[in-house]
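Structural features, examined
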Amino acid sequence: MTFGAEEEIPWDLTPPDDFDAPPPPAERELVAVSAVAPAPSRYADPADALHTVFGYDAFRGDQAEIIQQVVGGGDALVLMPTGGGKSLCYQIPALVREGTGVVISPLIALMQDQVDALSAVGVRAAFLNSTQDAGQRMAVERAFLEGELDLLYLAPERLRVSTTADLLDRAKIALFAIDEAHCVSQWGHDFRPDYLQLSMLHERWPDVPRIALTATATEQTHKEIQKRLQLENAKHFVASFDRPNIQYRIAPKNAPQQQLLELLRSEHPGDAGIVYCLSRKSVEQTAEFLNQNGISALPYHAGLDSKIRAANQSRFLREDGIVMVATIAFGMGIDKPDVRFVMHLDLPKSVEGYYQETGRAGRDGLPSTAWLAYGLQDVVQQRRMIDTSEGDDAHRRRLGQHLDAMLALCETVECRRVQLLKYFGETSKPCGNCDTCLNPPEAWDGTIPAQKLLSTVVRLARERNQKFGAGQLIDILLGRTTARITQYGHDTLSTYGIGSELGEQEWRGVVRQLLAQGLLAVNGDGFGTLITTEASAAVLSGSRPVMLRREPERQARPSKARRTALADLPDDIVPIFDALRAWRAAEAKEQAVPAYVIFHDATLREIAAGKPTTLAQLGTMSGVGENKLAKYGEAILEVLAN
Ligand code: ADP
Ligand code: ZN
């Protein structure tokens, strides 16, 4: 007999299908070629391009070496976390080398934004994809053939068309950049069949250097990219995957929407961010809940009409302070630099997925939050989903291992970042910027409660041939007199009422952690009932102690609501920063481009703090290149003067 059926969840298993979605409805014509006067297409050297075009002082991490490798004509395979600065690694060689840099990217819906951002700094860029009509394509092809393009973005499926390859033959190619290179991996969740044929690049144009880039860190993906793209002679650059500006926090889930709302109000008022939910239904409900509470939120999931999805994505990118509530169908390639938080209301299926999703926060390097609410129900749901998933045992085992790693991260009493980085093969020291570092939880000996719980499960099975979910087990231990207790006569069990030393929430924590540690299992009947495991026997016999995590007292709230990214700005700078942002918002609206295409928050912060009074001073600020100085310099000085 089984009891305790739970609501069926409409899982969002559809793959992200926004790759070839129509472009967002812009208020203007699609301008495929940037309308920039022929800037000098070549620069003395990479450092010159970095300063003049992008307005940055120095290369970061491995950038200089990677660029040198490609400029010199060699191949490169680059593994760098989101926000690490991958784009410059192919953009600068494309500017320095003769010819056009051809970028293969699966993110059709984002190509327009990429081209806009490049145009804004004076780089001549264009794209070819299925969203264009013949006339637009011809204009781009002409520009390419006449050597007027620094960068050309192509969807991988374009290369299947023989005319595309013929076109590429007819002009000088500076390099091939293969963005999101993990899409070539058949085991990853972003697999794109068209990526497999990218090995043709090497065969057809053996002399053109190739650079493959990804933010996926696992060894397996790394090897697969190398093999499938025939990058045997490539130099490999593997950056640290640490994202020090992201604060990782994992909290017990009580009333997730309310917890989320409090967090947004106290720590992220007015900030842009992403909230991930597992099901489409909870996406819709959460977005509605936030809107009702005065927070501008938009839903995004694969079940929405593609036009609505594209419009919501476009608003998220273009407007300030929008919260995107989404399933994991949303996010790949979103290069909005000022995403201040990524919140998970449900447990991700793997550490890899979690890290990719949270990595979308804080690309600009400013302080950002990754928060996950996690509870017993998540574990039950995920285990049940694995049990009922399609595929063979090996596949289920792999899913189980992914989940176990995720659970270990949730239940650790050690630094979250140390655990995360260890998962990606890096060793590190406690970070001081995660919840367990800031507010250490205690470990406590939970052997006796574990024994009480397990023996209740055993008694129900042996004496009554019954299986129950967590709710009934806890009611038994607490000695409650509910209708179901009476109905099944559970008040006559010998474990009835023996668990009053803990409260309901604490018991749920015990169940959750026993599940996480494999000392209790979800029965494969699809109802979420609980059974013992082989390992349970050692706990019951007293030969295996059980250490559990005790949640720390709730952290004191920050004394005043302050947007995280501004936390370390002096009070008198904040209004200047806000004035600059208001100016930027108006400018972005007029040009119908995302605000960050004008200037990043990080740049506005630097300007607000530095209060330059001359164009020359303004030109030294990070992110202010020649083009932007000429275009916006006077306006900025005017905002500052006021
Ligand atoms: P990725 O593609 O690896 O996620 P991006 O190329 O989008 O990262 O870069 C992330 C952010 O860092 C962007 O805002 C970019 O302008 C900035 N950035 C990259 N390189 C530098 C640098 N050398 N100096 C300053 N800012 C940089
Ligand atoms: Zn830490």
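Residues numbered from 1 in each chain as written. Chains lettered and ligands numbered in written order. Predicted model: local features only at pLDDT ≥ 70, side-chain atom pairs only at ≥ 80, totals over all residues. Heavy atoms only, no water.

**A closer look at the side chain of Ser-282**
With respect to the element layout, Ser-282 can be found in helix H11 (residues 280-292). Judged by relative accessible area, Ser-282 falls into the buried class, the value being 18%. (Helix = DSSP H or I, 4+ residues; strand = E, 2+ residues; numbered from the N terminus. Buried < 20%, exposed > 50% of the residue type's maximum accessible area, 1.4 Å probe, protein only.)

**Focus: the sheet that holds strand S1 (residues 76-79)**
The strand order across the open sheet formed by 7 strands is S3-S4-S2-S5-S6-S1-S7, and the pairing between neighbours is parallel. Each end of this open sheet is capped by a strand with a single partner; those strands are strand S3 (125-128) and strand S7 (235-238). When the angles between neighbouring strand axes are averaged without regard to direction, this sheet yields 20 degrees. Along the sheet, helix H6 (residues 162-169) makes contact with strand S2 (100-104), S3, strand S4 (151-154) and strand S5 (173-178), crossing S4 at roughly 165 degrees. (Pairing = 2+ DSSP bridges. Axes fitted to C-alpha atoms, helices over the stretch in contact; angles between N-to-C directions. Contact = heavy atoms within 4.5 Å.)

**What about the domain arrangement of the protein chain?**
In terms of domains, the protein chain is made up of domain 1 (31-238), domain 2 (246-441), domain 3 (444-550) and domain 4 (569-641). Taking the mean C-alpha position of each, domain 2 and domain 4 sit 31 Å from one another. The interface of domain 2 with domain 4 comprises 11 residues on the first partner and 12 residues on the second. For the pair domain 2 and domain 4, the summed buried surface comes to about 910 Å²; carbon and sulfur atoms form 54% of the total. Contact with domain 4 buries area across many residues of domain 2, yet Arg-318, Asp-320 and Leu-366 alone supply 49% of it, more than any other trio. One can count 1 salt bridge joining domain 2 with domain 4. (Domains from an automatic or database assignment. Buried area = accessible area lost by both parts, 1.4 Å probe. Salt bridge = Lys/Arg side-chain N within 4 Å of Asp/Glu carboxyl O.)

**Here we look at the side chain of Ser-368**
Here Ser-368 is to be found in strand S13 (residues 368-374). Of the residues examined, Ser-368 reaches a relative accessible area of 1% and is grouped as buried. Polar contacts involving the side chain of Ser-368 include one to the main-chain carbonyl oxygen of Leu-366, which spans 3.0 Å. (Polar contact = N/O pair within 3.5 Å; in protein donor to acceptor, adjacent residues only side chain to side chain.)

**Some thoughts on the coordination of the zinc ion (ligand 2)**
Ligation of the zinc ion (ligand 2) by protein atoms is provided by Cys-415 (SG), Cys-431 (SG), Cys-434 (SG) and Cys-437 (SG), these donors lying 2.3 to 2.4 Å from the ion. Its 4 donor atoms give the zinc ion (ligand 2) angles of 102 to 120 degrees at the centre, a pattern that matches the tetrahedral case. All donors to the zinc ion (ligand 2) come from one chain, and their sequence spacing reads C-x15-C-x2-C-x2-C. In this pair, Cys-415 sits in the loop between helix H15 (393-411) and helix H16 (416-423) while Cys-437 sits in helix H17 (residues 435-438), placing the two residues 22 residues apart along the sequence. Accessibility expressed as a relative area gives 25% for Cys-437, which makes it partly exposed. (Donors = N, O, S within 2.8 Å, 3.2 Å for Na, K, Ca; no water. Tetrahedral: all angles 85-135°; square planar, octahedral: opposite > 155°, others 65-115°.)

**Focus on the packing of aromatic side chains**
Taken as a whole, this structure holds 12 aromatic pairs when the rule is applied. A centroid spacing of 6.4 Å and a plane angle of 35 degrees characterise the contact between Phe-241 and Phe-424, whose relative ring orientation is tilted. Linking Phe-241 in the loop between S7 and strand S8 (246-252) with Phe-424 in the loop between H16 and H17, this pair joins segments that are 183 residues apart in sequence. Using a relative accessible area of 4% as the deciding quantity, one classes Phe-241 as buried. The interplanar angle of 70 degrees and the centroid separation of 5.4 Å between the aromatic rings of Phe-468 and Tyr-488 together place this pair among those described as edge-to-face. Taken together, the residues span a long stretch of sequence, with Phe-468 in the loop between helix H18 (447-464) and helix H19 (470-478) and Tyr-488 in helix H20 (residues 483-488) at a distance of 20 residues. (Phe/Tyr/Trp six-rings, centres within 6.5 Å; stacked < 30°, edge-to-face > 60°.)

**What to know about empty space enclosed by the protein**
Tallied over the entire structure, the rule returns 7 cavities of 30 Å³ or more. Counted as a void, the largest cavity has a volume near 120 Å³. Lining of the largest cavity is provided by 14 residues; of these, Thr-82, Ala-215, Phe-241, Tyr-355 and Gln-356 occupy positions nearest its centre. Along the lines of polarity and charge, the residues of the lining of the largest cavity split into 7 nonpolar, 5 polar and 2 charged. Each of domain 1 (31-238) and domain 2 (246-441) contributes no fewer than three residues to the lining of the largest cavity. (1 Å grid on protein atoms, 1.4 Å probe; cavity = no way out; pocket = protein on both sides within 12 Å on 5 of 7 lines; lining within 4 Å. Points joined across faces, edges and corners; volume = space filled by probe spheres on them. Nonpolar A, V, L, I, M, F, W, Y, C, P; charged D, E, K, R; others polar.)

**Examining the site of ligand 1**
Surrounding ligand 1, one finds 15 residues, the nearest of these being Tyr-56, Gly-83, Ser-87, Arg-363 and His-600. Between ligand 1 and Gly-83 there is a distance of 2.5 Å, counted from an oxygen atom to a backbone nitrogen or oxygen. One nitrogen or oxygen atom from the main chain of Gly-84 is found 3.4 Å from an oxygen atom belonging to ligand 1. Here ligand 1 has 560 Å² of accessible area as a free molecule, and 87% of this is covered by the chains. When grouped by side-chain class, the residues that make up the shell around ligand 1 number 5 nonpolar, 7 polar and 3 charged. (Near = heavy atom within 4 Å. Areas by Shrake-Rupley, 256 points an atom, 1.4 Å probe, with all protein chains shown as cover.)

**Focus on the pairing of strand S12 (residues 339-344)**
The element S12 is extensively covered by neighbouring structure, given that 6 of its 6 residues are classed as buried. Where strand S9 (residues 272-276) and S12 come together, 5 bridges link them in parallel fashion. When the bridges of S12 are listed, Tyr-276 appears paired with His-344. Sheet analysis places S12 next to S13, joined by 4 bridges and oriented parallel. Within S13, the residue paired with Phe-341 across the bridge is Thr-369. Taken together, S12, helix H13 (residues 351-358) and S13 constitute a β-α-β crossover, and its handedness is right-handed. (Right-handed = clockwise from strand over helix to strand, strands pointing away.)

**A few points about the nonpolar core**
Looking at soluble globular proteins, one finds that nonpolar side chains tend to be buried together. Counting residues in each nonpolar core, the largest one holds 133 residues, and the members touching the most others are Leu-168 and Phe-316. If one sorts the elements of this core by residue count, helix H21 (residues 504-516) sits on top with 6 residues. Not counting residues within four places of it along the chain, the set of residues in contact with Leu-168 comprises Val-102, Phe-144, Leu-152, Leu-154, Leu-159, Ile-173, Phe-176 and Trp-205. Phe-54, Ala-76, Ala-94 and Val-115 belong to the second-largest nonpolar core, a separate cluster that totals 37 residues. (Core = buried A, V, L, I, M, F, W, Y, C linked by side-chain atoms within 4.5 Å.)

**A closer look at the packing of helix H14 (residues 376-387) against H21**
In contact at an axis separation of 8 Å, H14 and H21 are set at 35 degrees when each is read in the N-to-C sense. Of the two elements, H14 crosses H21, and the hand of that crossing is left-handed. Counted together, Leu-376, Gln-377, Val-379, Val-380 and Arg-383 of H14 and Arg-508, Val-511, Arg-512, Leu-515 and Ala-516 of H21 form the full contact between these two elements. Per-class residue counts for the contact of H14 with H21 are 6 nonpolar, 1 polar and 3 charged. (Left-handed = near helix turned anticlockwise from the far one by under 90°.)

**Observations regarding the pattern of salt bridges**
Evaluation of the coordinates by the stated rule reveals 29 salt bridges. Residue Lys-253 pairs with Asp-378 through a salt bridge whose shortest N-O separation is 3.1 Å. Here the residue Lys-253 occupies a position in the loop between S8 and helix H10 (256-267), and Asp-378 occupies one in helix H14, the gap between them amounting to 125 residues. Residues Glu-501 and Lys-452 are paired through a salt bridge, measuring 2.8 Å at the closest nitrogen-oxygen approach. Here Lys-452 lies in helix H18 and Glu-501 lies in the loop between H20 and H21, a separation of 49 residues in the sequence. Bridged by salt links that share partners, the residues Asp-320, Arg-581, Arg-584 and Asp-601 form one connected network.

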